[in-house]
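Results of the structural survey
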Amino acid sequence: MATVGTDTGKQSGRKVSVGDVDTLQKSLKGKLLRPGDQGYDTARTIWNAMIDRQPAIIVQPMDAGDVQKAVNFAREQNILVAIKGGGHNIAGNAVCDDGLMIDFSLMRGVRVDPAAKVAHVEAGALLSDVDHATQAHGLAVPLGINSTTGVAGLTLGGGFGWLTRQHGLSIDNLRAMDVVTADGKMVTCNSSQHEDLFWALCGGGGNFGVVTRFEFTLHPVGPMITAGLVVYPLSEAAGALKQYNEYVKTLPFESNVWVVLRKAPPLPFLPVEAHGTDVLVFPVFYNGKKQAGMKQLEPVRHFGKAIGEFVDEMPYEDWQKMFDGLLGPGARNYWKSHNFGELSDKFIQTVIGATLALPSDESDLFLGFIQGVSNKKPKSSSAYPHRDCGWAMNVHGRWMTPQQDEKGIAWARDVYRDTAPFALGGVYVNFLTSDEKDRIREAYGEGWDRLVEVKRKYDPTNLFCMNQNINPKG
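So, a few notes on the structure that sits alongside this text. (Residues numbered from 1 in each chain as written. Predicted model: local features only at pLDDT ≥ 70, side-chain atom pairs only at ≥ 80, totals over all residues. Heavy atoms only, no water.)

1. A few points about the overall build of the chain
When helices and strands are counted, the chain shows 14 helices and 21 strands. Radius of gyration (C-alpha) of the chain: 22 Å, near the 23 Å computed for a compact globule of 474 residues. On the principal axes, the C-alpha backbone points of the chain span a range of 70 × 55 × 40 Å. A burial count over the chain gives 59% of its 474 residues as buried. Partitioning the intrachain contacts of the chain with sequence separation of at least 6 by distance along the chain shows that 73% fall at a separation of at least 24. About 18100 Å² of surface is accessible on the chain, with carbon and sulfur atoms providing 51% of the total. (Helix = DSSP H or I, 4+ residues; strand = E, 2+ residues; numbered from the N terminus. Rg over C-alpha atoms; globule rule 2.2 N^0.38 Å. Buried < 20%, exposed > 50% of the residue type's maximum accessible area, 1.4 Å probe, protein only. Contact = heavy atoms within 4.5 Å. Areas by Shrake-Rupley, 256 points an atom, 1.4 Å probe, with all protein chains shown as cover.)

2. Concerning the nonpolar core
Counting 118 residues, the largest nonpolar core has Met177, Tyr244, Phe282 and Leu365 as its most contacted members. Among the elements that line this core, the one with the most residues is strand E17 (residues 278-286), at seven residues. In this structure, Leu365 is in contact with Val259, Val260, Leu261, Val351, Ala354, Thr355, Leu358, Met393, Asn394, Val395, Trp411 and Val415, ignoring residues within four places of it in sequence. Counting 25 residues, the second-largest nonpolar core is a separate cluster that includes Phe73, Phe104, Met107 and Phe464. (Core = buried A, V, L, I, M, F, W, Y, C linked by side-chain atoms within 4.5 Å.)

3. Regarding the sheet that holds strand E10 (residues 174-180)
Spatially, five strands are ordered E7-E8-E12-E10-E11 in an open sheet, and the strand pairing comes out antiparallel. At either end of the open sheet lies a strand with only one pairing partner, and these are strand E7 (110-113) and strand E11 (186-189). Going from strand to strand, the sheet's axes swing by 15° on average, the running direction of each strand aside. Both E10 and strand E12 (residues 210-217) contribute to a ladder of six bridges, which runs antiparallel. Bridge pairing links Leu174 to Phe216 in E12. Contacting E7 and strand E8 (118-122), helix H4 (residues 127-135) runs over the sheet at an angle of about 30° to E7. (Pairing = 2+ DSSP bridges. Axes fitted to C-alpha atoms, helices over the stretch in contact; angles between N-to-C directions.)

4. Observations concerning the side chain of Ser382
Structurally, the position occupied by Ser382 is in the loop between strand E20 (364-369) and strand E21 (391-399). Of note is the side chain of Ser382, whose polar atom sits 3.0 Å from the side chain of Arg387. Setting aside anything within four residues of it in sequence, one finds Ser382 in contact with Ile171, Trp199, Cys202 and Arg387. (Polar contact = N/O pair within 3.5 Å; in protein donor to acceptor, adjacent residues only side chain to side chain.)

5. A short note on the packing of aromatic side chains
Enumeration over the complete set of coordinates arrives at 25 aromatic pairs. Sitting above the plane of the Tyr416 ring, Lys336 keeps its charged end 4.3 Å from the centroid. Here the guanidinium or amino end of Arg450 rests over the ring plane of Trp199, the centre of that ring lying 3.8 Å away. (Phe/Tyr/Trp six-rings, centres within 6.5 Å; stacked < 30°, edge-to-face > 60°. Lys NZ or Arg CZ within 6 Å of the ring centre and 35° of its normal.)

6. Digging into helix H8 (residues 237-247)
Within H8, burial applies to Ala237, Ala240, Leu241, Tyr244, Asn245 and Tyr247. Around the axis of H8, the buried residues are gathered within 160° of arc, so they sit on the same side. (Arc of directions from axis to C-beta.)

7. Section: the sheet that holds strand E3 (residues 31-33)
Spatial ordering of the open sheet is given by E3-E4-E6-E5, a layout of four strands whose pairing is mixed. At either end of the open sheet lies a strand with only one pairing partner, and these are E3 and strand E5 (81-84). Averaged over all neighbouring strand pairs, the angle between strand axes comes to 20°, with direction disregarded. Across three bridges, E3 lies against strand E4 (residues 57-60) in antiparallel orientation. From the neighbouring strand, Leu33 faces E4, where its bridge partner is Ile58. This element, helix H1 (residues 18-27), spans E3, E4 and strand E6 (100-103) of the sheet and lies at about 150° to E3. Contacts between helix H3 (residues 64-77) and the sheet are confined to E4, E5 and E6, with E6 contributing the most and set at about 165° to the helix.

8. Observations concerning the environment of Gly328
Along the polypeptide, Gly328 turns up in the loop between helix H10 (316-320) and strand E19 (332-340). A residue is classified by how much of its surface remains accessible, and Gly328, at 13% relative accessible area, is buried. Considering only alpha carbons, one finds Gly328 and Gly205, 123 residues apart in sequence, at a separation of 23 Å. If we skip the residues at most four places from it in the chain, Gly328 touches Trp47 and Arg398.

Shown next as C-alpha cells:
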C-alpha cells in the first residue's frame, strides 16, 4: 500500500494500493513515476528551490486522455492533485507532498495557423516554445519576460510582459481552452461555450479544472524589435524616476519601459568598477525598427548621467531570453507584491532606501509597466480584476542558501510594508507566495462571489486546491 496525503490534511494518510497505481500506469500513453524511478526527482523539481516536496505518484501525460485518467484517479481515490505546467510558480503549487502530480513536460507542442493568426498551445509549453513557433511567422502572443516560464500558469493568472501595453494581457488574447473538469469530463470553453468557466479561468488560476490546450490570437511582432538596457547609479535614481514617471504618461503603446533596482551584474557594457554597485536599470522595448524605436526611447538615455547602456535592434526571441541568466532555476526565492497607479515622490524614496538594504546580490525590485490596452477593458470582462493597474511591483528576494532565508524574507516583508501606503490595494495572483492566504481575496477582487459560484459548479469538492484557492464554501 502507498500512503497518499495532502498538505491540507483533508486526505492525510489515505492508502492507495499498488495494484490501483499499476492499473493507472497501464492505462496511460504517457509515463507514471514513483519515488526511486528514473526521472522522478527531475519531474518533482521546480523553479523555486525553497520548495522540496515528494508526490507519491507523478503522471506525465501524452494527451488529454491521460489527463482525464489522472483526474479520475485522484478524485476516486480522494487524494491531493497538483498540476505542473512549467513549474515556475513562486508558491510551489506545481508539486505536492504524498499526492498525485500531473506534470505536463511531455506536452509542449505549439501549432501555428499564420493565416488566421492563431496559435494552439499545449499545457506544458514554455514561453520559449511559443516564441520559437510564432516568430517563424513574425507573430507573437503577449506573454512574460522569462523564456523558461510555463505558458499555462502565467496565462491563468493573467499574464503580462513587454507586449501588454500594445496588445493586452495573455488572457485578453485567449480565444478558447480545452479543460478537464473535476468530474473527468473534457470541455471546450470560450466566449460562447461554457462562458462562465472561460471567464473564471481568465485570471482565476487553476481552481476550476486542468487546461490541456490554449488557443491564442497572434499579433505581428518583429522578428526584429528594438530593445536594451539603460543603467544609472542609484545616486541618480530619485531624479531619473521622477522624469520617468512623467515620460511614460505619453509613451505610445508600442513602447515599454520597466524599472529594476538591484546590484549591477557584470554586463559587458558596464565599467568594471560599477559591477556589484547599487543601480537603477531601465529595460526599454519598442515593437518595431531601430530608427523609430530609438526616437521614442531616446529620453530614457537623458534622465541623468548613465553609467552604461546597450540599446539596439535584435530578434524578439533573443530579447525574450535576455533575463534568463538572472532568473534561472536552483535559487531560493521569496516575493512580495503590490499594484500601483502612480509613482509618488515618497514611493520613489522608499524603494531607493530598500535598494540600499538589498539582502543579496541576486535580489531586486522591479516595476512592470503594464498601463495600456488592458486598462481599457472593463473589470467584469475576466476574473482578472486589476484593470486600473499601471505598474505591478515584485519585491524579488532571491538567494542561494537556506542560511540567507531569514534575512531575505524579512527584507521582502519590510519593503512590502513600507510601500503599502502608496499601493492600489490589489495584487497579481501569480506573485503571491504560499504564506499569503490572507491576500487571496485581494488578488481576485470584486469578482470573488462569481468565482465561488463557478467553483461550486465545476469543482464542488475542491479537488483542485493546490493553487491560490477559491474554496467552494466561499
